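# Observations on the three-dimensional arrangement
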Amino acid sequence: MLILCLHLQIPFPFYIRYLNMKKLYFILIILLTGFNLFAQKLERVEPMFWFTEMHNPKLQLLVHGENIALSTVTLSYPGVKLVKVNKVENPNYLFIDLELSKSAKAGKFLINFSANGKKLFSYTYELKNRNKSPERIQGVTQKDFIYLLMPDRFSNGDKSNDVVQGLTETALNRDSMYYRHGGDIQGVINHLDYLKDLGVTNVWMTPEVENDMANASYHGYAVTDHYKIDPRYGTNELYKKYVETAHAKGMKVIKDIVHNHVGTNHWFYKDLPMKSWLNQWPKFTQTSYRDQTVMDIHASEADRKQMLDGWFVSSMPDLNQRNPFVQNYLTQNHIWWIEYAGIDGLRLDTYGYNDPVYMADWALKVQAEFPRLSVFGETLVTAVPNQAFFTGGNTVNRGFDTHLQGITDATLKDAIYEGINGKNGWVDGINRLYATLAHDFLYKNPNTNCIFLDNHDMSRFYSVVGEDFDKYKMGLSILLTMRGIPEMYYGTEILMKNFSNPDGLIRSDFPGGWDGDKKDKFIAEGRTNKENEAFTFVKTLANYRKNSPALQTGKLMQFVPQDDIYVYFRYNDSAKGTVMVIVNNTDKDKNLNTDRFSERTSGITVAKNVISGENLSFKEIKVPARTTLVLELN
Ligand code: CA
């Protein structure tokens with residue numbers, strides 16, 4: 001085999017990867033004794049550097065390079081112990097287990113690779129000082145208002161990175177929803193003041209790491225390099241600067257990460273460390289997208305396996321999270337980014353498709369390093385129990401604690417839609433919203449759920465309500481006063497619209513984000529009157545929220561809808577500053593007598609309309625048709 005390979009000039013590792021590994025290794029080692037037949041190369045070490053004083057003393061380095069497994073590894077640095085060098089199926093990999101003592105100081109040391117007693121090359125590894133500033137990683141709470149954007153589609157702050165040579169996709173075409181448009185991290189930095197003015201406290205971008213795919217990977221979920229910001233968005237250093245700039249402005253940053261899959265152009269997919277790196281199937285098998293199969297007590301094992309191990313799409317291979325090398329690789333990568341850049345929260349893509357045992361272990365490891373970090377998982381499901389199943393605290397008798405703080409609350413989103421658009425009935429219309437919130441007992445803490453009206457995967461809210469401006473304002477009023485952490489999708493504040501089939505339609509460029517755009521909707525003069533009204537509406541509520549203890553930390557109390565009117569309160573121990581929200585989704589003006597709300601309103605004499613600033617007579621409140629009134633009680 002070896003002779004044959006040499007004769008045909010085919011890389012020998014290609015043959016041996018999936019064959020009888022032990023026997024072939026043995027032959028190889030015999031042949032190599034005394035003379036070095038194969039050139040060895042070092043291509044990458046990941047994580048590229050690490051940090052002192054981490055909670056977990058263990059670190060596993062992935063080393064990739066041609067025939068690297070044929071070399072001997074040595075290193076010498078005070079406080080760093082070389083525990084084990086793991087060889088795997090593919091000789092182009094080594095996994096080096098290190099143990100770092102608490103006393104290990106920041107500094108550089110050489111990791112030496114040698115063969116036959118001869119040094120081949122070395123890698124300069126660095127331990128950087130851990131940033132222990134207690135204010136650095138702040139977490140994401142109900143005090144926040146998250147703005148979700150797609151970096152390719154928000155603003156082009158650096159034209160020099162629009163097309164990057166060496167990447168697979170070279171065309172820039174703003175006329176096509178499938179191509180890159182040139183937006184980048186600098187464009188976001190340039191508009192942090194715009195967002196702050198709007199009342200946003202927290203920016204969540206769809207994934208910024210490299211997606212070097214042939215087409216349509218501007219969304220960021222087909223990762224091809226876990227440690228590198230996509231060069232079309234900027235550099236790792238620029239990303240770090242973006243986080244620091246946001247922090248300096250009193251804002252926070254959420255990073256969107258993908259555990260479940262990668263893109264087929266990922267460098268490790270092209271040269272897999274081992275067959276079990278991925279969930280492999282005899283022929284391509286797609287996930288069923290049926291979250292029920294992981295919670296259903298009647299589910300078949302085959303259905304469960306297809307949901308968890310099936311590939312998301314054919315261009316996104318599914319990582320085998322039961323493989324300890326994969327586990328270390330992913331977990332360390334996320335810890336690396338948080339420590340490197342100082343991220344406040346993580347959004348976990350396709351949460352329910354991941355291996356549950358690994359994800360629980362991941363959460364514990366990440367929280368041990370960063371106790372203040374916030375984490376929420378994407379759960380696009382259709383019922384409260386399906387969401388609660390994934391959340392921490394084992395509130396649903398699963399027999400297993402996921403340690404997941406929060407989820408994206410799709411069920412509440414559906415209930416808000418029904419509450420605004422639906423026809424009222426015993427369980428329909430506004431009663432759906434009431435009933436959905438009554439299920440909050442299933443969560444350990446519903447206030448850590450990320451609540452939203454839409455996102456990058458669904459029709460824009462303004463279109464969902466038929467471009468009815470009253471309904472739009474109703475939805476935003478609920479979003480910004482309801483329990484949970486509100487997220488708004490970019491452009492909602494300027495009435496961007498469209499339906500999500502195909503999804504490129506809901507990912508159009510923010511007007512004014514590019515030099516030469518006909519309209520600049522980042523400024524009032526570039527917006528229509530109606531867009532300015534929408535912008536001011538969001539801004540007023542979002543900025544009110546920033547100073548309202550009831551909305552930032554308060555509890556929720558809701559009352560059974562009567563006469564098609566739904567009322568809820570956000571409140572703290574002090575009645576002062578209680579927020580009362582009144583929803584009238586009908587076409588009729590209504591009068592609301594407030595007597596039955598005395599639990600929350602006793603002693604109240606003044607009710608101020610938060611949007612208009614007017615004081616209202618409190619005993620009997622006029623509620624116009626298709627309106628959500630937000631009142632502050634004093
Ligand atoms: Ca650019």
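Position numbers for residues start from 1 in each chain and track the written sequence from start to end. It should be noted that, the model being predicted, local features are given only for residues of pLDDT at least 70 and side-chain atom pairs only at 80 or more, the latter also being counted only at that level, while totals for whole chains, interfaces and linings use all residues. With hydrogens and water excluded, all non-hydrogen atoms of the structure serve as input to the side-chain values.

## Quick notes on the overall build of the protein
- Runs of H or I in DSSP of at least four residues are treated as helices and runs of E of at least two as strands, each being numbered from the N terminus. Secondary structure summary: the protein contains 19 helices and 26 strands in total.
- Exposure classes here rest on a 1.4 Å probe applied to the protein chains alone. A residue is buried below 20% of its type maximum, exposed above 50%, and partly exposed in between. Looking at the protein as a whole, 59% of its 634 residues qualify as buried.
- Of the contacts formed within the protein by residues at least 6 apart in sequence, a portion of 72% connects residues at least 24 apart.
- In these tables, accessible area is a Shrake-Rupley quantity obtained with a 1.4 Å probe, and a residue counts as shielded only by the protein chains included in the view. For the protein, the accessible area works out to roughly 25900 Å², and carbon and sulfur atoms hold 53% of it.
- Averaging the positions of the 71 positive and the 71 negative side-chain charges in the protein gives two centres separated by 4 Å. Residue contacts are counted whenever heavy atoms from the two residues lie within 4.5 Å of one another. Here the positive residues are Lys and Arg and the negative ones are Asp and Glu; neither His nor the chain ends is included. For this purpose, a charge sits on NZ of Lys, CZ of Arg, CG of Asp or CD of Glu.

## Topic: the environment of Pro511
- Summarising the element assignment, Pro511 is placed in the loop between β18 (485-489) and α17 (529-546).
- By relative accessible area, which is 23% here, Pro511 ends up partly exposed.
- When the C-alpha positions of Pro511 and His191 are compared, they lie 13 Å apart, and in sequence the two are 320 residues distant.
- Excluding residues within four positions of it along the chain, Pro511 makes contact with Ile494, Met496, Asp517, Lys519, Asp520, Lys521 and Phe522.

## Looking at the nonpolar core
- The nonpolar core is taken to be a set of buried Ala, Val, Leu, Ile, Met, Phe, Trp, Tyr and Cys residues, with the residues joined through side-chain atoms within 4.5 Å. Membership of the largest hydrophobic core comes to 165 residues, with the highest contact counts inside it found for Trp50, Tyr147, Tyr239, Tyr242, Trp277, Tyr472 and Leu476.
- Counting residues per element, this core draws most heavily on helix α10 (residues 324-342), which supplies 10 residues.
- Throughout the structure description, domain borders are defined by an automatic or database domain assignment. Lining this core are residues from two domains, each supplying at least three of them: domain 2 (44-128) and domain 3 (554-633).
- Met557, Ile565, Val623 and Leu633 belong to the second-largest nonpolar core, a separate cluster that totals 18 residues.

## Section: the packing of helix α13 (residues 410-421) against helix α16 (residues 469-479)
- A fitted line through C-alpha atoms serves as each axis, taken over the contacting stretch for helices, and the angle formed by two N-to-C directions is quoted from 0 to 180°. Contact geometry for α13 and α16: axes closest at 10 Å, N-to-C directions at 140°. Judged by the inter-axis angle, α13 sits oblique to α16. Regarding α13 and α16, the two cross each other, and that crossing is right-handed. Of α16, the residues touching α13 (which contributes Ile416, Ile420 and Asn421) are Lys471, Met474, Gly475 and Ile478.
- Residues are grouped as follows: Ala, Val, Leu, Ile, Met, Phe, Trp, Tyr, Cys and Pro are nonpolar; Asp, Glu, Lys and Arg are charged; all remaining types, including Gly, are polar. For the contact of α13 with α16, the class distribution of residues is 4 nonpolar, 2 polar and 1 charged. Reported orientations rely on four angle classes, namely roughly parallel under 35 degrees, roughly antiparallel over 145, roughly perpendicular from 65 to 115, and oblique for the rest. In a left-handed crossing the near helix is turned counterclockwise from the far helix by less than a right angle, and in a right-handed crossing that turn is clockwise.

## Focus: the packing of α10 against helix α11 (residues 356-369)
- Two numbers describe how α10 lies on α11: the axes approach to 10 Å, and their chain directions differ by 30°. Between α10 and α11, the angle falls in the class roughly parallel. When you trace α10 past α11, the crossing you get is right-handed. In contact with Gln327, Leu330, Thr331, His334, Ile335 and Ile338 of α10, α11 contributes Tyr358, Trp362, Lys365, Val366 and Glu369.
- For the contact of α10 with α11, a count of residues per class yields 6 nonpolar, 3 polar and 2 charged.

## Brief notes about empty space enclosed by the protein
- In this analysis a 1.4 Å probe is tested at points of a 1 Å grid over the protein atoms alone, and where it fits but cannot get out there is a cavity; an open set with protein on both sides within 12 Å along at least five of seven lines is a pocket; lining residues have an atom within 4 Å of a point. Grid points are joined across faces, edges and corners, and a volume is the space filled by probe spheres set on the points. What the rule picks out here adds up to 7 cavities of 30 Å³ or more.
- In this structure, the largest cavity encloses a volume near 110 Å³.
- Secondary structure elements with two or more residues in the lining of the largest cavity: β13 (252-257) and α10.
- Looking at the second largest cavity, its volume works out to about 70 Å³.

## What to know about α17
- Take the residue count of a helix, subtract one, and multiply by 1.5 Å to get its expected span. Taking 1.5 Å of rise per residue, 18 residues should cover 26 Å, and α17 covers 26 Å from first to last C-alpha, within 8% of that figure.
- Turning to α17, its buried residues number three or more, namely Glu531, Asn532, Ala534, Phe535, Phe537, Val538, Leu541, Ala542, Tyr544 and Arg545.

## Comments concerning helix α7 (residues 236-248)
- With 13 residues, α7 extends 18 Å between its outermost C-alpha atoms, agreeing within 8% with the 18 Å of an ideal straight helix rising 1.5 Å per residue.
- For α7, the set of buried residues is Asn236, Leu238, Tyr239, Tyr242, Val243, Ala246 and His247.
- Buried positions along α7 lie against α5 (185-190), α6 (192-198), β10 (202-205), β12 (225-229), β13 and α10.

## Side note on the side chain of Arg600
- You can see Arg600 is positioned in helix α19 (residues 598-601).
- For this document, the term salt bridge refers to a Lys or Arg side-chain nitrogen within 4 Å of an Asp or Glu carboxyl oxygen. Within the buried set, Arg600 has no salt-bridge partner at all; the shortest N-O distance to an opposite charge, 5.4 Å, is to Glu599.
- Non-local contacts of Arg600, meaning those with residues more than four positions away in its chain, are made with Met557, Phe569 and Tyr571.

## Looking at the coordination of the calcium ion
- Looking at the calcium ion, one finds its protein donor set to be Asn156 (OD1), Asp158 (O), Asn161 (OD1), Asp162 (OD), Gly182 (O) and Asp184 (OD), positioned 2.3 to 2.5 Å from the metal centre.
- Here the term donor refers to an N, O or S atom within 2.8 Å of the metal (or 3.2 Å for Na, K and Ca), and because water is left out of the atoms, sites may appear incomplete. Irregular is the default label, applied whenever a site is not tetrahedral (four donors, all angles between 85 and 135 degrees) and neither square planar nor octahedral (four or six donors, opposite donors over 155 degrees apart, all other angles between 65 and 115). Coordination at the calcium ion is irregular: its 6 donor atoms span angles of 64 to 160° at the metal.
- Here the donor residues for the calcium ion map to a single chain with the spacing N-x1-D-x2-N-D-x19-G-x1-D. Taken as a pair, Asn156 in the loop between α4 (151-154) and α5 and Gly182 in the loop between α4 and α5 lie far apart in primary sequence, 26 residues in all.
- The class of Gly182 is buried, set by a relative accessible area of 4%.

## Observations concerning the sheet that holds β10
- In space, the 8 strands of this open sheet follow the order β16-β15-β14-β13-β10-β9-β18-β17, with parallel pairing throughout. Since the sheet does not close on itself, it has two edges, and those belong to β16 (406-407) and β17 (450-452), each with one partner.
- Bridge count between strand β9 (residues 146-149) and β10: 4 bridges; the pairing is parallel. Across the sheet, Ile146 pairs through a bridge with Asn202, a residue of β10.
- Taken strand by strand, α16 contacts β17 and β18, and its axis lies near 145° from that of β18. DSSP bridges decide pairing: two strands pair if at least two such bridges lie between them.

## Overview of the pairing of strand β22 (residues 590-593)
- Here β22 shows one buried face, formed by Lys590 and Leu592, and one open face, formed by Asn591 and Asn593.
- Of the strand pairs in this sheet, β22 and strand β25 (residues 620-623) are connected by 4 bridges, and their pairing is antiparallel. From the neighbouring strand, Asn593 faces β25, where its bridge partner is Glu620.

## Observations concerning the pattern of salt bridges
- Per the counting criterion, the structure on display carries 41 salt bridges.
- Close ionic contact of Arg44 with Asp225 constitutes a salt bridge, the shortest N to O distance being 3.4 Å. Taken together, the residues span a long stretch of sequence, with Arg44 in strand β1 (residues 44-46) and Asp225 in strand β12 at a distance of 181 residues.
- For Asp509, the salt bridge is made with Arg174, and the minimal N-O distance between the two is 2.8 Å. One end of the pair, Asp509, is in the loop between β18 and α17; the other, Arg174, is in the loop between α4 and α5, and 335 residues separate them in sequence.

## Regarding the sheet that holds β1
- Pairing is antiparallel across the open sheet formed by 4 strands, whose spatial order is β1-β3-β6-β5. Of all strands in the sheet, those with a lone pairing partner are β1 and β5 (80-87), marking the two edges. Each strand axis lies, on average, 20° off the axis of its neighbour in the sheet, ignoring direction.
- By the bridge criterion, 3 bridges tie β1 to strand β3 (residues 58-64) in an arrangement that is antiparallel. When the sheet's bridge partners are listed, Arg44 is paired in β3 with His64.
- On the sheet, α10 packs against β1, β3, β5 and β6 (93-100) and is oriented at approximately 105° with respect to β3.

## Description of the layout of surface pockets
- Estimates place the volume of the largest pocket at around 660 Å³.
- Of the residues belonging to the lining of the largest pocket, the class tally is 16 nonpolar, 12 polar and 8 charged.

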